[in-house]
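# Examining the three-dimensional arrangement
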Amino acid sequence: LNAELDKRSDLLAARLQAEGVVVDTTVALQIEKSLEMAVAIIGVLKSGGAFLPMDPDWPLRRRQCILSDAGCCHLIVSAELTGSNKFEWFRGSLVSMRNLNHSEFTVPSTVVLRSEIQPLPSNLALILYTSGSTGRPKGVMVHHAAIVNYIFAWHSSVNAGRDNRVSVSHSYTFCVMYAHLFGCL
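From a predicted model like this one, the values you see are computed outputs, not experimental measurements.

## Quick look at the packing of helix 1 (residues 2-18) against helix 2 (residues 35-47)
Following both chains from N to C, one finds helix 1 and helix 2 inclined at 50°, their axes separated by 7 Å at the closest point. Here helix 1 lies oblique to helix 2, going by the angle between them. In this structure, the crossing between helix 1 and helix 2 has a hand that is right-handed. Between helix 1 and helix 2, the contacting residues are Leu5, Asp6, Arg8, Ser9, Asp10, Leu12, Ala13, Leu16 and Gln17 on the first element and Leu35, Ala38, Val39, Ala40, Ile42, Gly43, Val44, Lys46 and Ser47 on the second. Tallied by class, the residues present in the contact of helix 1 with helix 2 amount to 10 nonpolar, four polar and four charged.

Right, dumping it as C-alpha cells:
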C-alpha cells in the first residue's frame, strides 16, 4: 500500500508542479475521506504546496469565499465529484483524481517530479478554516514545523509502534485528523 501511495502521490506532485505549484502555493482539496484523500494530501506536500481541505458538503458560497480568501487558484477534486458542470464556477487549475485512478492521468514527458524541493520548517503545509460561527470563516496557517512537533508529541503520548492501528474518524477539515494520518505514515 505504501508503494502505491508513493507512486500515485509522485504522479500528482509532478502534475501539480507542471501546473505551476511551488513552495507555499495553496492547493484546495475537495475530496471525500478515502485513499484518494491521502494521495492528494501527500501529492500536494511533495509538490511543495500547502493543502487546503474543503468538505464537499459545504455550501458553494462558503467554498467560493474560502478559495478567494486563501488566494487559491488550484483545486483537486475526487473522482466521484467530477461532473460536467459541477466546477464551472472555478476559474483556476482544476485537477480531477478520476484521471489519476484510470491511468489516463498524464504528466507531460518533459516534466518530472522535482524531488529537490525540501520544505523548510517555516514553509506552509496546510490551511484550515474555522467554522465561521462568529461571522466569516478565518484561515489558520499551519507550518511544517508544527505538524512535525505534533506528530512527535502524539507518538510519545500514545506509545505508537509499527503494529498499531488508528481509526481516522474525523473530518479532514479538522486538525486532529492529521496527527492520525501523518502519525501512521
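## Quick look at helix 2
If you check helix 2, its first and last C-alpha atoms are 18 Å apart, about what 13 residues at 1.5 Å a residue would give, namely 18 Å. Summarising burial for helix 2: 11 of the 13 residues are buried, a large majority. Taken together, the buried positions of helix 2 are Glu36, Met37, Ala38, Val39, Ala40, Ile41, Ile42, Gly43, Val44, Leu45 and Ser47. Residue Gly48 follows helix 2 closely and has a positive phi angle near 100°.

## Quick word on the confidence of the model for the chain
Interpretation of this model should avoid reading the predicted coordinates in detail wherever pLDDT is low. In this model, the chain carries a mean pLDDT of 80, and residues with pLDDT of at least 70 account for 72%. In the model of the chain, helix 6 (residues 176-184) stands out as the element of lowest mean pLDDT, 62, in contrast to strand 1 (residues 26-30), which has the highest, 95.

Each value, and the rule that gives it
- Numbers given to residues run from 1 along each chain, matching the order in which its sequence is written.
- Per-residue local features are limited, in this predicted model, to residues with pLDDT of at least 70; the limit for side-chain atom pairs, both in listing and counting, is 80 or more; totals at the level of whole chains, interfaces and linings are taken over all residues.
- Side-chain metrics rest on all non-hydrogen atoms present in the structure, leaving aside hydrogens and water.
- The axes are straight lines fitted to the C-alpha atoms, using for helices just the contacting stretch, and the angles between their N-to-C directions are given from 0 to 180°.
- In DSSP terms, a helix is any run of H or I states spanning at least four residues, a strand is any run of E spanning at least two, and both are numbered starting from the N terminus.
- When describing relative orientation, an angle under 35 degrees is termed roughly parallel and one over 145 degrees roughly antiparallel, while 65 to 115 degrees is termed roughly perpendicular and anything else oblique.
- By definition, turning the near helix anticlockwise from the far helix through less than a right angle yields a left-handed crossing, and turning it clockwise yields a right-handed one.
- Any two residues whose heavy atoms approach within 4.5 Å are treated as being in contact.
- Under the convention adopted here, Pro, Cys and the residues Ala, Val, Leu, Ile, Met, Phe, Trp and Tyr are nonpolar, Asp, Glu, Lys and Arg are charged, and Gly plus all remaining residues are polar.
- A helix's residues, less one, multiplied by 1.5 Å, set its expected span.
- When a residue's accessible area, from a 1.4 Å probe over protein chains only, is under 20% of the maximum for its type it is buried; when over 50% it is exposed; and in between it is partly exposed.
- pLDDT gives the predictor's per-residue confidence on a scale running from 0 to 100.

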